[in-house]
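# Observations on chain architecture
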Amino acid sequence: MQVLKFGGTSVGSVESIKQVIQIIDSHRQNGDHIAVVFSAMGGVTNQLIEIGRMATSGETDYMELVRRIEDRHFNVVKALIPVKEQSKIFANVRGIINELEDLLRGVSLIRELTLRTHDLITSFGERLSTTVITECVKSRGIPAQYCDARQLIKTDAQFGHAEVNYTLTNQLIQDHFAKSSDRSGAPVQMITGFIGSTEKNETTTLGRGGSDYTASIIGAALNAEVIDIWTDVNGMMTADPRKVPNAFNIPTITYAEAMELSHFGAKVIYPPSLQPAFARNIPIRVLNTFNTEHKGTVVSRTADRRQYTITGISSIDDIALVNVQGSGMIGVAGVSAKLFGILAAHKISVILISQASSEHSICFAIDPRGAENVKAVLDAEFAVEIEHGHIDNITIERDLSVIATVGEGMKKSSGIAGKLFSVLGKNGVNVVAVAQGSSEINISVVINKNNLSKALNSLHNIFFQSEARVLNLYLVGTGLIGRTLLKQIFDQSEFLRSEKLLKVCVVGMTNTKKMLLDPQGVSLDDWRERLLTEGVTTSLPAFVERIKDYNLPNSVFIDCTSDKDIVQFYDSLLDANISVVTPNKVANSGPYSEYRRLQRTALNRGVKFLYETNVGAGLPIINTVQGLMTSGDRFLKIEAILSGTLSFIFNTFRPGTSFADVVREAKEKGYTEPDPRDDLSGQDVARKILILAREAGFPLEPEDVTITNLLPQSCLDAPTIPAFFEELERNNEYFENLLRDAEIRGEKLRFVASFENNKATIGLRPVGLDHPFYQLTGADNIVSFTTERYKDRPLVIKGPGAGAEVTASGVFADVVSIGSYLA
Ligand SMILES: NC(=O)C1=CN([C@@H]2O[C@H](COP(=O)(O)OP(=O)(O)OC[C@H]3O[C@@H](n4cnc5c(N)ncnc54)[C@H](OP(=O)(O)O)[C@@H]3O)[C@@H](O)[C@H]2O)C=CC1
Ligand SMILES: N[C@@H](CC=O)C(=O)O
Ligand code: NA
């Protein structure tokens, strides 16, 4: 024997009822005897409740709503039953509607709606749907029979939420089905869900999840091999897909897990109503009427071997937390007994409880709508304790959510809680309260409501690892470096996803003109077009505000500009748990206190501030210095060529050619700063040596760097970039002379930065053949570190230190390292 149950959406329309008939038919073809339980057509129960309310308050237009309900059922008959059979069924439906109307007239006369009458009114939903669908099924030649559950399910008289008398009920069900199997009844029994009756035959209803309950009672009484709950989704999911787009189906789940998940908001089934089936160890399949190929979820005593330690994550989006605390609670027996006794007496349902072992406080979560009432009740009941100072004021915290991480796999498995708190911490989600039962299959955390989506997504991401972790990127600057970075991400995304389990998603981008934000991610093959057509006028404060509002997990802000104004946002971004990656040197080369502040904020917030490309582009220079510092080395001297542009210029310029043209070429090759005056004035190198000295542990200020200027004053004074180039042309002879003088001595010109004895200096230096910097070619950089550990022979890093590809890849590597860190 199999039991099938169809919910409101499954029987909500002509189309869906066609599906239902097909499903029933396919069972029949297997020759099975089946019991099929129906809910009311989607929305009808609520309409009946509204009709009852209107009738009680004397509003006469409730008849209009009754007509609508009637029409919906008539339409099903018209669509699915041959015309010549229709009139009998219309009469049948009309008869039921007449009964409802009579009842409503009575209610409207006495203006009173008892729970008993309320149950009777709502029973019409299931009676109508089951009547009509039975006729549709029969007209397809399927041997079906309407069965009013009031004949089978006997309850007490607690209207609204009646208790089932199982002894009587089981007997009635077994007797009824014995008839259907000995062929005096049809093999397909079509049963009204949700309703029962008292021994005096008064109609009752079974409360929340009522039709599932009916199916479960019948399944248990008949010891069914399986109960199929047909819904409109593909079974239970690892999280609510409306909040976590990456959520996926759970093929098998245990009763206990299903209970925990549904308590915390997973609404596909309501397991308490399936209790009779659980008790008899009958598996429940949750299936999709609209996707019958899908295997859905099987709920049973044991689950299949799992790929993941946890099974699902669910949440209650809005709760309030009540705190009861005070020194008088420590070691005093009975305080919690009294507290929970009061709550029980006032029928206050508690969602979660947490008490620290200090016994100084107990907090519990409740529905926020009842919070004021709870406070008033507790204030009154604990008035004496409060007056004597044994209990402090009872407080309520609002705008909170609770997230439950559920899974049998967590039992006796260490590291789950660590992972959970670590991922929340790295994403700046503050945990307000925690509860874990000793069953170890649920860890619940209370967090601020505004972090709910971020917390759910980052937990889902971390626990369901085969799904790639998502890094959400916001890019400022789509110039040379920014656009090269986007191209590299695009080219590499498949590799990152399959080999590193990292999904890099660019969710925002801006330049000086347009900004575009899309939390779903901007596809990187047509970003230019989208930015141009969908982008809005840039406003950096607005861009940053939106980033904070989105509050996405694993967010990284990338500054690919050389702008001074952007760096003022770094601190607040880091403070909002958003990592920052940048090739822009401005933030790290301003006042030392600012540099330290950013380091501190990142550290305190557990996020990253990375800027490997501030020195030597993609060359691993900053990482090397940081590594040496972390391991306790001490820096004695730094000597370096840190400008790709100046390297290139002095390796390329020959007397008799145009110096300005060589600078132009450096710019075209992507070596220069957006404003090449920064390179030629020495400003760019000054910033780099300052940053290196700071990384090496020396708190230098910008004015501590002495620049021996290379340019004639007129070049320095040039107000615009074109004017600067004109000045370079005018001073060609000056540069030729510099070069010639060096060449006569067999030397080469190198723009060298050094740091020693707390002093940083930079300037043009002729170097001879024996100098390690002599052989440098192209736009290469070279850095030589003399430290306590590298004293006899310095540690040297050398290679291309400027250019779009090497810089963007350095930025990219920083970004990816954040992905690994967050994992
Ligand atoms: N080239 C190299 O080898 C290296 C460069 N770097 C650093 O990389 C950074 C970027 O350089 P590069 O790509 O060449 O510069 P570009 O001039 O090519 O690009 C700068 C981008 O930033 C945008 N931008 C500037 N100011 C703002 C603002 N206030 N708001 C929004 N967007 C803004 C520009 O917008 P728009 O397009 O509208 O003008 C442009 O898209 C610089 O800091 C540089 O020092 C670091 C190491 C090596
Ligand atoms: N303009 C710089 C680029 C890297 O910071 C250089 O020439 O080195
Ligand atoms: Na570097």
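Residues numbered from 1 in each chain as written. Chains lettered and ligands numbered in written order. Predicted model: local features only at pLDDT ≥ 70, side-chain atom pairs only at ≥ 80, totals over all residues. Heavy atoms only, no water.

Rules: UniProt positions are given in the numbering used here, feature names are shortened, and annotations may be inferred rather than shown by experiment.
As recorded in an unreviewed UniProt entry, the protein chain goes by the name Bifunctional aspartate kinase/homoserine dehydrogenase I, listed as coming from Spirosoma validum. According to its UniProt record, the protein chain has this under Subunit (unreviewed entry): "Homotetramer." Turning to the protein chain, the UniProt annotation filed under Function (unreviewed entry) states: "Bifunctional aspartate kinase and homoserine dehydrogenase that catalyzes the first and the third steps toward the synthesis of lysine, methionine and threonine from aspartate."

### Thoughts on the coordination of the sodium ion (ligand 3)
Heads up, the condition is: Atoms of type N, O and S within 2.8 Å of a metal are treated as its donors, and for Na, K and Ca the window is 3.2 Å; water is not considered, so some sites may appear to be missing partners. Exposed residues in this analysis have more than 50% of their type's maximum accessible area, buried residues have under 20%, and partly exposed residues fall in between, with area computed by a 1.4 Å probe over protein chains only.
Taken together, the protein donors to the sodium ion (ligand 3) comprise E612 (O), E612 (OE), V615 (O), A617 (O) and L619 (O), at separations of 2.3 to 2.5 Å. Within one chain, the residues donating to the sodium ion (ligand 3) are spaced in sequence as E-x2-V-x1-A-x1-L. A residue is classified by how much of its surface remains accessible, and V615, at 0% relative accessible area, is buried.

### What to know about the site of ligand 1
Inclusion rule: Nearness of a residue to a molecule or strand requires only that one of the residue's heavy atoms be within 4 Å of it. Side-chain atoms alone can form a polar contact between residues adjacent in sequence; in general such a contact is a pair of N or O atoms within 3.5 Å, and within protein one must be able to donate a hydrogen while the other accepts it. Accessibility throughout is a Shrake-Rupley quantity obtained with a 1.4 Å probe, and a residue counts as covered only by protein chains that appear here. Here the term charged refers only to Asp, Glu, Lys and Arg, the term nonpolar to Ala, Val, Leu, Ile, Met, Phe, Trp, Tyr, Cys and Pro, and the term polar to all other amino acids, Gly among them. Start and end points for every domain follow an automatic or database-based domain assignment.
The full set close to ligand 1 counts 26 residues, and I481, T512, T561, E673 and G803 are the nearest of them. A distance of 3.2 Å is found between an oxygen atom of ligand 1 and a side-chain nitrogen or oxygen belonging to K585. Taken by itself ligand 1 offers 910 Å² of open surface, and the protein chains cover 83% of this. Its residues assigned to classes, the shell around ligand 1 comprises nine nonpolar, 13 polar and four charged. Both of domain 3 (469-608) and domain 4 (621-802) provide at least three residues apiece to the shell around ligand 1.

### Some details on the confidence of the model for the protein chain
Counted only if it meets this: The predictor rates its confidence in each residue with pLDDT, a number between 0 and 100.
Residue-level pLDDT values for the protein chain average 93, and 98% of them are 70 or greater. Across the interfaces of the predicted complex, the ipTM metric reaches 0.99, alongside a pTM of 0.76.

### Quick look at the packing of helix 20 (residues 622-630) against helix 24 (residues 683-695)
The test is simple: Fitted lines through C-alpha atoms serve as axes, helices being fitted only where they are in contact, and the angles separating the N-to-C directions of these axes extend from 0 to 180 degrees. We count a stretch as a helix when DSSP gives it H or I for four or more residues in a row; a strand needs E for two or more, and each element gets its number in order from the N terminus. Should an angle lie under 35 degrees it is considered roughly parallel, over 145 roughly antiparallel, and from 65 to 115 roughly perpendicular; all remaining angles are considered oblique. Take the far helix as your reference; a near helix turned counterclockwise from it by less than a right angle gives a left-handed crossing, and one turned clockwise gives a right-handed crossing. Working rule for contacts: check all heavy atoms of both residues, and any pair within 4.5 Å makes them a contact.
Viewed as axis vectors pointing N to C, helix 20 and helix 24 meet at an angle of 20°, and their least axial separation amounts to 9 Å. Relative to helix 24, helix 20 is oriented roughly parallel. For the element pair helix 20 and helix 24, the recorded crossing hand is right-handed. For the pair helix 20 and helix 24, the contacting residues are I622, V625, Q626 and M629 in the first and I691, L692 and E695 in the second.

### Here we look at the domain arrangement of the protein chain
For the protein chain, the assigned domains read domain 1 (2-232), domain 2 (312-463), domain 3 (469-608) and domain 4 (621-802). A straight line from the C-alpha centre of domain 2 to that of domain 4 covers 59 Å.

### Here's the deal with the site of ligand 2
Taken together, 13 residues sit near ligand 2, with G644, T645, Y671, E673 and D679 positioned nearest. For ligand 2, a nitrogen atom lies 2.7 Å from a polar atom in the side chain of E673. A distance of 2.7 Å is found between a nitrogen atom of ligand 2 and a side-chain nitrogen or oxygen belonging to D679. Isolated, ligand 2 exposes 250 Å² of accessible area, and the fraction of that covered by the protein chains is 94%. Looking at the shell around ligand 2, the elements with two or more residues in it are helix 21 (644-652) and helix 24.

### Some words on the sheet that holds strand 7 (residues 203-205)
Stated precisely, the cut-off is as follows: Should DSSP find at least two bridges between two strands, the strands are taken to pair.
Pairing in this open sheet of three strands is mixed, and the strands run 4-6-7 from one edge to the other. Each having just a single partner strand, strand 4 (154-155) and strand 7 make up the two edges of the open sheet. As defined by bridge partners, strand 6 (residues 195-198) adjoins strand 7 across three bridges and the pair is classed as antiparallel. Bridge pairing links I195 to T205 in strand 7. The strands that helix 5 (residues 115-139) touches are strand 6 and strand 7; relative to strand 7, the one it contacts most, it runs at about 80°.

### Considering the nonpolar core
Basically, it comes down to this: To qualify as a nonpolar core, a set must consist of buried Ala, Val, Leu, Ile, Met, Phe, Trp, Tyr and Cys residues joined through side-chain atoms within 4.5 Å.
Among the nonpolar cores identified, the biggest contains 86 residues, and F557, L728 and F785 are the most heavily contacted of them. Shared between two domains, this core holds at least three residues of each, these being domain 3 (469-608) and domain 4 (621-802). Filtering out sequence-adjacent residues up to four positions away, L728 remains in contact with F659, A660, V663, L711, C715 and F735. The next biggest cluster of nonpolar side chains, apart from the first, holds 53 residues, and it includes V3, V37, F177 and L261.

### Structural notes on the pattern of salt bridges
Note the cut-off: Any carboxyl oxygen of Asp or Glu within 4 Å of a side-chain nitrogen of Lys or Arg constitutes a salt bridge here.
Within this structure, the stated rule accounts for 44 salt bridges. Through salt bridges that share partners, R67, E70, R94 and E101 make up one connected network.

### Considering the pairing of strand 28 (residues 759-767)
Inspection of the sheet shows strand 26 (residues 705-707) paired to strand 28 by three bridges, in the parallel sense. The partner of I707 across the bridge, within strand 28, is I762. Hairpin connection from strand 27 (residues 748-756) to strand 28: two residues lie between these consecutive antiparallel strands, with N757 at a positive phi of about 50°.

### Thoughts on the sheet that holds strand 5 (residues 188-192)
Working definition: the strands of a sheet are paired by backbone hydrogen bonds and lie parallel or antiparallel to each other. Within the open sheet, the eight strands sit side by side as 3-5-2-1-8-10-11-9. Their pairing is mixed. Two strands bound the open sheet, and with one partner strand each, they are strand 3 (144-147) and strand 9 (252-254). Strand-to-strand twist of the sheet, defined as the mean angle between neighbouring strand axes without regard to direction, takes the value 20°. Packing of helix 8 (residues 255-263) onto the sheet brings it into contact with strand 9, strand 10 (284-288) and strand 11 (297-300), and relative to strand 9 it is tilted by some 85°.

### Thoughts on the pairing of strand 13 (residues 352-355)
Only one face of strand 13 is covered, namely the face carrying L352 and S354; the face carrying I353 and Q355 is uncovered. With four bridges joining them, strand 13 and strand 14 (residues 361-366) adopt antiparallel strand pairing. Considered in strand 14, the bridge of S354 is made with C363.

### Focus: the state of the cysteines
Each disulfide is one covalent bond, formed between the sulfur atoms of two cysteines. Applicable threshold: By definition, disulfides here are pairs of cysteine sulfur atoms that lie within 2.5 Å.
Going through the model one piece at a time under the given rule, you end up with zero disulfides. With no disulfide of its own, C136 lies 18 Å from the sulfur of C147, the closest cysteine sulfur. Assessed through its relative accessible area of 0%, C136 is described here as buried. C147 sits in the buried class, given a relative accessible area of 3%.

### Notes on the packing of helix 2 (residues 44-56) against helix 5
Relative to each other, helix 2 and helix 5 sit at 145°, their axes nearing to 9 Å. Crossing geometry of helix 2 relative to helix 5 is assigned as right-handed. Contacts between helix 2 and helix 5 involve V44, T45, L48, I49 and G52 on the former and, on the latter, H118, I121, T122, F124, G125 and E126. For the contact of helix 2 with helix 5, the class distribution of residues is five nonpolar, five polar and one charged.

### Comments concerning the side chain of S401
Mapped onto the fold, S401 is located in strand 15 (residues 395-406). Residue S401 is classed as buried on the basis of its relative accessible area, which comes to 0%. A distance of 2.6 Å separates a polar side-chain atom of S401 from the backbone oxygen of D317.

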